[in-house]
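# A look at the structure
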Amino acid sequence: MGLSQRHKIVLADDEPQNLRSLFNALASENYRIYTAPDGKVAYEQVLKHMPNAVIMDWDMPGTSGLEAIKRIRENPGTKYIPIIMATGKMTSTENLETALKAGANDYIRKPFDNIEIIARVKSMIGLHLEYKKNIKLQTQVAEQELASIRKELERNTSALATAKLKLIESGQNLSQLIGELQKLRGHVSGKGDEMITEIISYSKANCFVVNWKEFETLFGKVHQSFYGKLQSLFPGLTQKEKNLCALIKLNMDTKEISAVTSRKADAVKKAKNRLRTKLGIEKMGSLYRFLQEIN
């Protein structure tokens, strides 16, 4: 094992003889070993060296081993480092249960058995390495999922932009068609005039519904929480007003909204003013900027 790959161990005990015994037992394993005479220094050593395992004496002056373990577990950066509680006095079942509840992963009783110490430490190092491996794997999976979500969002955003243009183009084509039909009114009989009126009404209703469904589906994928938050903040909005909010959020101007909804520009302006009032925006305030804040 290269020098940079050597596993690191922190040994904490206020008795120099105990530290020497632990050091000598683990020296044959080529670990990097750091020692501490109390819980405070042990915690500092853990923060500084980020070891693969810690052997912590329970009964030490100042900050006890139990208190040091709690501090290690409370720190997000060190909370998963394996800790073995070493104890010579606190050996009852209740004591050991207290140590485990405080955050110790294992315990050893004094006097130490070298073979047992080596086995326990190797077990803790294996636990730590497996944890780091799992974290790395989870991070990779999360990154892959995030990349996939971003690609999907990019696709939906592009599709939404296309749907927006399609909606505007369809609205403009419908306006042109209606204009041509209106010109025919002076050249047809009363029945023909009724038919033209029916065609115009049918075209307005169906063209908007078909194109709007595709647009709204894509809008919902890109701005997933927009309608929900809008409804929560302003429950009194009508469906037409919610639709208008979506169009404004996509920076469509009055002319484009007029074409899309088959409403005259003046009617759209009045609808915007009513919307400003309902949303509590000043008369000259920007609806677009206001709606950008709702995501």
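To be clear, the structure that these remarks concern was listed above.
Residues numbered from 1 in each chain as written. Predicted model: local features only at pLDDT ≥ 70, side-chain atom pairs only at ≥ 80, totals over all residues. Heavy atoms only, no water.

### Some details on the pairing of strand 3 (residues 53–57)
Burial analysis of strand 3 places 5 of its 5 residues in the buried class, which makes it a mostly covered element. Bridge count between strand 1 (residues 8–12) and strand 3: 4 bridges; the pairing is parallel. The residue bridging Ala 12 from the neighbouring strand is Met 56, located in strand 3. Taken together, the 4 bridges between strand 3 and strand 4 (residues 83–87) define a ladder with parallel strand orientation. Looking across to strand 4, one finds that Met 56 is bridged to Met 85. Note that the unit made of strand 3, helix 3 (residues 65–74) and strand 4 has a crossover that is right-handed. (Buried < 20%, exposed > 50% of the residue type's maximum accessible area, 1.4 Å probe, protein only. Helix = DSSP H or I, 4+ residues; strand = E, 2+ residues; numbered from the N terminus. Pairing = 2+ DSSP bridges. Right-handed = clockwise from strand over helix to strand, strands pointing away.)

### Side note on unusual backbone geometry
With a phi angle near 45°, Met 50 is a residue other than glycine that sits in the positive phi range. Along the chain, Met 50 turns up in the loop between helix 2 (39–49) and strand 3. A positive phi angle, close to 65°, is found at Asn 251, a residue other than glycine. Positionally, Asn 251 belongs in the loop between helix 8 (239–249) and helix 9 (254–261).

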